[in-house]
Amino acid sequence: MRHDPENTRLGRPVLTRRSLLRGGAAFVGGLVIGIELPMRVARADEPAPAGAPLNAFVHVPAEGPVRLIMPAVEMGQGVYTSQAMCLAEELDITLDQIVAVHAPADQAKYGNPLFVVQATGGSTTTMAWTEPLRKAGATARALLVAAAAAEGGVDPAGLVTDKGIVTDPASGRTWTYGALADRAAVLPPPAEVTLKSPDQFRLIGTPAHRIDTPDKATGKTVYGIDVIRPGMAFAALMASPVIGGTVAHVDEAPALVQPGVRQVVVLDDLVAVVADNTWAAQQGLAALKVDWSPGPNATLTQAQLWADIETASKGPGVAAQKQGDALAKLGEGTLFEATYELPFLAHTPMEPMNCTVHVQDGACEVWVGTQVPGFSQMGAAKVLGIDPSKVTINNHIIGGGFGRRLEADYVVTATRIAAKVDGPVKVIWSREEDIKQDIFRPLYHDRLKARVENGRITAWHHRVTGASILARWLPPAFKDGIDGDAVDGAIDPPYAVGDILVEYIRHESVVPVGFWRGVGPNSSVFSIESFLDRIARNTSVDPVAFRRGLLADNPRALGVLNAATAKAGWGTPAPASRFGARTGRGVALMHAFGSYLACIADIAVSDQGDVRVTRIVVAADVGRVINPDTVVAQIQGGVTFGITTVLHDKVTIADGRVEQSNFHDYRLIRIDEMPAIEVELVASTEKPGGIGEPGTVIVQPAVANAIFAATGVQLTRMPVDAALLAKAV
Amino acid sequence: MRKRTVLLSLAGILVVVGVAALGVIGWMVFQPGPYGFATGTPVALAEDARPSPTGVPAELAGADQPTRAAYITRMADCEACHTAKGGQPFAGGRPFVLPFGTIYTPNITPDPETGIGKWTDAQFLDAVHRGIAPDGSRYYPAFPYPSYTMLTDADALAIKAYLFALAPVKQPNRPNSFAFPFNQRWLMAIWATLFNSDTRFEPVPEQSPEWNRGAYLVEAAGHCGECHTPRNLMQAMDQRRKFAGGVAEGWNAYNISSDGVSGIGDWSVEQLTAYLAAGHATGRGVASGPMGEAVALSLSQLVPSDIQAIVTYLKSVPPVASNLPRLAGPAPATPQVAGLDNPLGQRMFEGNCASCHAWSGAGAVREQAGLTGVRAVNDPSGANVALMVLNGSGPLAATHPYMPGFGRAYSDAEVAAVANYVTARFGSEASTLTAADIARFRHLE
Amino acid sequence: MTDLTINGAPHSVDVPAETPLLWVLRDVLGMTGTKFGCGIAQCGACTVHLEGVAVRSCQLAVGDVGTQAITTIEGIGATPEGTKIQKAWLDLEVIQCGYCQPGQIMSAAALLAANPAPDDADIDAAMAGNLCRCGTYVRIREGIKHAARS
Ligand code: FES
Ligand code: FES
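Residues numbered from 1 in each chain as written. Chains lettered and ligands numbered in written order. Predicted model: local features only at pLDDT ≥ 70, side-chain atom pairs only at ≥ 80, totals over all residues. Heavy atoms only, no water.

Under an unreviewed UniProt entry, the name given to chain C is Isoquinoline 1-oxidoreductase alpha subunit, and the source organism is Ancylobacter amanitiformis.

Under the annotation held in an unreviewed UniProt entry, chain A carries the name Isoquinoline 1-oxidoreductase beta subunit and is attributed to Ancylobacter amanitiformis.

Here you go:
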């Protein structure tokens with residue numbers, strides 16, 4: 001572990017050191033924004049060396065490590081390592097010869113091939129970027145080899161590459177990549193490159209240590225919230241507690257007399273206090289006397305929101321999937337029907353929302369951790385009425401995204417505040433504001449109907465009612481009244497379900513909603529898997545046997561189901577638990593994000609209705625694995641996130657206000673509630689699937705089904721309500 | 001003949017029962033006055049030649065009328081009850097869940113329609129001194145007029161002046177939800193005849209000026225006994241067990257008589273002063289729940305001499321033992337404690353509580369977070385601990401110690417478990433709260 | 001002026017005595033390794049050591065520190081337990097987004113210093129105050145045991 005006293009960010013040296021981000025941004029068209037030693041992620045405050053960009057992703061300096069530009073942002077999911085592995089694999093360098101660099105805002109170069117926009121989300125990084133990055137690595141290698149061939153006057157086909165060195169085996173002559181860089185940079189890139197075949201892989205598929213974690217373990221990583229700029233002020237803000245409310249009147253005087261307070265900024269819908277440090281700003285904010293005009297939503301309640309979505313669910317929908325005539329078939333035979341509802345949820349990444357902005361001379365510089373650098377740039381430009389090219393986005397390692405940082409609202413808000421402040425200002429949301437001003441996971445209402453004949457489902461009708469995030473976030477993707485995300489997992493269930501009709505009913509409320517880890521499949525997989533268990537129970541069939549019967553044509557799904565059930569010992573009773581006498585084991589299966597997962601959950605329920613998860617087994621087929629340990633870590637993390645979701649979490653609205661505010665009333669699972677999580681990766685050579693979200697999705701129905709098995713009570717509105725599960729006395 | 005005997009016997013029984021009932025009621029009615037324990041004979045205010053113990057303290061004698069009126073309003077702590085959670089101050093609407101139904105405090109801002117903007121001075125005095133509304137109907141004694149009746153006319157009207165200077169808030173009063181027979185307000189007239197003395201404060205010449213000032217603050221304005229004195233069958237304060245402890249919105253309002261074990265007899269003057277003026281005394285915990293509000297909205301705004309007077313008076317109240325145990329000593333600092341079989345409670349504590357309170361209960365970084373030696377923790381009912389866990393200590397502000405409330409995210413069983421864990425681990429006797437108890441506490445909100 | 005000793009080095013800060021140490025570290029001294037997560041002692045992201053004991057710096061008024069030695073994530077690597085924990089964290093790849101990890105590492109190092117061979121119950125008791133939204137708990141458990149064995 002490297003300890004460089006220059007980097008301790010202690011006291012004045014750092015405070016006065018000009019950040020080199022801007023210098024970096026000026027260099028080759030904003031391509032490069034930082035530098036770090038090998039096995040490191042670029043820190044925001046070190047100079048970039050001279051050298052040659054071989055393409056948008058590979059930059060080989062004359063000396064030192066190769067700089068790899070990371071199109072997808074690192075927020076814990078390990079993609080800096082896996083993206084680097086893809087590049088390094090084809091480039092024939094080792095992971096300790098590289099430095100990962102945050103990409104600047106540049107949609108043309110770094111737009112996600114699956115969404116077009118420059119965004120990291122939807123568990124798409126591996127799916128979207130594996131091929132382009134391997135190609136970029138291979139192209140860069142071809143250029144370096146061509147440069148060496150030209151220098152040596154030899155046939156490039158005879159040269160070999162390894163660990164950043166080109167060797168001519170015939171002459172024994174060698175060139176470092178750095179020595180070839182300038183020459184390679186001016187060569188025309190080859191039209192075609194051949195990628196390695198899997199048997200030639202040296203990195204892909206091997207467990208690699210992550211490149212971003214050493215700095216994280218020593219507190220050196222600079223997250224957005226850690227940015228320090230010369231002369232920077234700190235701001236705390238409060239928005240209208242009622243959704244859609246505005247500021248009526250502010251008495252600034254009590255804030256201004258607080259020590260350290262510099263300025264009060266009053267905008268239509270929020271107030272901010274600017275001060276010498278965050279604490280002083282928070283104290284100023286607390287002292288401020290604000291009268292709010294609550295606006296039209298002052299009487300909005302959660303009960304009303306539930307009633308509204310229920311009403312909407314009965315209205316006309318748009319067919320998102322239709323095969324055969326499910327409605328006609330549902331008219332006859334044994335009919336099953338159930339409704340499942342999911343609440344609003346907050347993201348609560350451990351790094352609260354924050355953004356540092358400096359508005360100056362018709363330009364704007366932003367320091368932030370964002371999943372959407374392009375949206376951030378456009379958002380800030382719009383606030384200021386300037387051209388986006390005048391906005392520099394300096395991205396950072398993210399302290400948790402989970403979809404929250406797919407929105408640029410906090411960049412917009414911080415820019416609105418910064419526009420009124422002289423010099424750079426760091427705006428930090430308190431946890432209370434972070435939760436109350438979240439862009440929530442939408443309410444979902446799923447109604448399913450099925451006809452069952454001889455243990456087979458012969459007709460299937462699934463109505464998904466919910467807000468369309470895509471219609472707002474990426475309007476072109478909202479086509480024909482269908483939100484592809486909202487119905488993801490519903491339109492293509494892994495099971496044979498006979499005639500199928502899946503309908504989408506768009507229903508918006510005034511509560512702002514956005515993507516949330518697991519996105520659409522959270523509701524569709526939860527509903528489908530719960531519904532299957534209900535059918536199995538009512539027809540007295542074992543839930544796993546029932547599913548197997550529907551999976552004859554789906555070997556990958558059957559494979560993970562069999563792997564999980566074998567590992568968990570399906571068929572034996574769930575182990576006794578000290579926590580509660582009623583125990584149960586539940587199963588769930590999914591196919592979404594390009595991956596297949598099966599999960600077995602063991603739970604115990606106390607007499608009072610509290611639930612404890614005692615063991616989780618997951619089997620996953622995620623296609624070809626880049627970094628197996630990262631896949632396991634993501635599943636473990638996703639499962640943990642999902643346990644919180646099914647056991648504890650909801651955001652509710654009363655009098656137009658979000659009722660939750662911090663971790664005492666928005667509850668996250670703690671280590672002492674954690675079960676063991678056993679993960680089995682099923683070997684696969686299929687295309688890589690996403691893995692950041694499936695763990696979250698799959699564990700929720702598995703736990704719910706285990707509760708159903710233990711108590712006979714099915715969870716139809718998340719999360720667990722102890723009162724419903726309490727033993728009748 | 002036989003029939004007659006039976007009738008006679010019945011009549012006899014009725015008479016006996018009647019006499020007994022009268023005796024019981026009489027016992028309740030004819031009890032000592034609120035400060036009848038003190039040596040000396042109260043006299044009319046005018047007859048005591050010394051400076052009056054009523055009104056504002058000497059420090060404010062030269063202040064302008066609005067300042068004095070505001071101070072007297074603070075002394076009487078009207079705001080706490082007449083403000084709904086998150087609502088406009090003095091606009092009413094705060095619910096009080098009583099055994100017979102829920103009562104909502106009225107709007108006392110000067111709005112002419114929904115508030116008291118049309119009230120005359122006489123009407124205001126009728127309300128405050130006698131519990132009679134302008135329309136002649138009777139207030140329930142949840143409104144502490146049996147205490148306020150001791151306020152001088154001048155002080156009561158100062159409060160009215162203060163209220164009338166507020167910005168009017170249009171907020172209709174919420175009807176109470178009392179069922180028969182408790183919705184029969186006229187019954188309250190009888191109650192008032194029996195239990196409201198309708199007399200103004202009378203100083204005791206034999207006692208010091210400071211004591212008399214304290215008596216006025218405690219008995220008349222501060223109406224401490226309304227919560228801290230147990231109530232008899234007729235819901236009147238039982239002055240024979242003065243300050244032996246009562247209940248306020250589910251919270252136990254502890255014994256504040258000078259009993260050494262169950263009361264505040266062993267609190268030093270400094271501790272009492274700090275607790276009243278700042279809501280916290282070293283080793284004694286933090287004023288929370290309704291007492292926290294009383295400190296925030298009233299006591300903390302009084303001048304030091306008034307706090308001193310209150311302490312002097314409280315110290316003179318004779319000891320009345322109640323069944324609270326002696327405070328337990330220090331607790332072990334390690335998570336494991338032999339014989340404490342409450343894994344759920346421990347889990348709650350380790351995740352949510354230990355960061356501030358520490359495993360020793362001494363407070364991790366702030367003494368205010370200390371649990372050992374605090375009465376609530378040494379209360380085998382566990383009520384205040386549970387209510388604190390459920391509701392926390394009010395809004396987050398730098399000016400007072402803050403504890404978040406966990407009620408929204410944790411189940412009844414979990415809250416019960418952690419309250420039982422805390423009382424067992426840091427108190428002298430474990431509480432045995434159940435999930436059903438917690439469900440009941442939740443409905444007090 | 002308040003004098004502090006942080007990671008063995010003296011510092012002087014000019015802030016009101018009730019300012020939490022967290023904000024003094026981050027905003028006044030530029031030591032941003034210690035994180036803000038909740039401000040109400042519910043998440044543990046702000047954990048530092050005061051004389052070797054893990055405390056939440058968001059609750060610790062700088063005026064109450066006195067002469068007690070403060071250790072932060074930037075300095076914990078200089079202690080034997082800190083080194084062990086940091087190494088275990090990298091060996092087992094505990095870290096995901098990493099934002100909670102300074103706090104986790106500080107709590108874990110304090111646990112190891114007080115209890116060289118903690119079992120699951122000890123780990124739960126010491127670590128339950130540290131939230132991790134990424135869900136690294138199962139690896140934290142393993143990491144602490146790994147460090148204890150090393
Ligand atoms: S910030 Fe201190 S515990 Fe969360
Ligand atoms: S690693 Fe992201 S919050 Fe713990």
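Student: Any details on the overall build of chain A? Residues and values, ideally.
Tutor: Counting its secondary structure elements, chain A contains 21 helices and 28 strands. For chain A, the spread of C-alpha atoms along the principal axes amounts to about 75 × 75 × 50 Å. Here chain A, with 729 residues, has 63% of them falling under the buried criterion. Taking the intrachain contacts of chain A between residues at least 6 apart in sequence as the baseline, contacts between residues at least 24 apart amount to 75%. Total accessible area on chain A is roughly 24200 Å²; 54% of this is exposed by carbon and sulfur atoms. Once the 65 positive and 76 negative side-chain charges of chain A are each reduced to a mean point, those two points are 2 Å apart. (Helix = DSSP H or I, 4+ residues; strand = E, 2+ residues; numbered from the N terminus. Buried < 20%, exposed > 50% of the residue type's maximum accessible area, 1.4 Å probe, protein only. Contact = heavy atoms within 4.5 Å. Areas by Shrake-Rupley, 256 points an atom, 1.4 Å probe, with all protein chains shown as cover. Lys, Arg positive; Asp, Glu negative; His and termini not counted. Charge placed at Lys NZ, Arg CZ, Asp CG, Glu CD.)

Student: So what's going on with the overall build of chain C? Which residues, and what values?
Tutor: What chain C contains, in helices and strands, is five helices and five strands. Order of helices (α) and strands (β) in chain C, N terminus to C terminus: β-β-α-β-β-β-α-α-α-α. Relative to its length of 150 residues, chain C is compact, with a C-alpha radius of gyration of 15 Å against a globular reference of 15 Å. Taking the principal axes of its C-alpha atoms as reference, chain C extends roughly 45 × 30 × 25 Å. Within chain C, the proportion of its 150 residues that are buried is 67%. Taking the contacts inside chain C whose residues are at least 6 apart along the sequence as the reference set, 55% of them involve residues at least 24 apart. Here chain C has roughly 4300 Å² of accessible surface; of this, 54% comes from carbon and sulfur atoms. (Rg over C-alpha atoms; globule rule 2.2 N^0.38 Å.)

Student: Can you tell me about the interface of chain C and chain A, naming the residues and giving the values?
Tutor: Contact residues are listed per partner, giving 51 residues for chain C and 68 residues for chain A. Across the chain C to chain A interface the summed buried area is about 4900 Å²; carbon plus sulfur atoms make up 60%. Three residues, Gln96, Arg133 and Tyr137 of chain C, lead the burial of chain C against chain A; their summed loss comes to 17% of the area buried on that side. Our count for the contact surface shared by chain C and chain A stands at three salt bridges. Asp629 of chain A is the partner of Arg139 of chain C in a salt bridge, and the nearest nitrogen-oxygen pair spans 3.1 Å. At the junction of chain C and chain A, the tally comes to 30 residue pairs in polar contact (both at pLDDT 80 or more). Contributions of two or more residues to the side of chain C that touches chain A are made by helix H1 (21–28), helix H2 (80–91), helix H3 (101–114), helix H4 (120–127) and helix H5 (137–149) of chain C. The dominant element in the side of chain C that touches chain A, judged by the number of residues it contributes, is H5 of chain C, at five residues. (Buried area = accessible area lost by both parts, 1.4 Å probe. Salt bridge = Lys/Arg side-chain N within 4 Å of Asp/Glu carboxyl O. Polar contact = N/O pair within 3.5 Å; in protein donor to acceptor, adjacent residues only side chain to side chain.)

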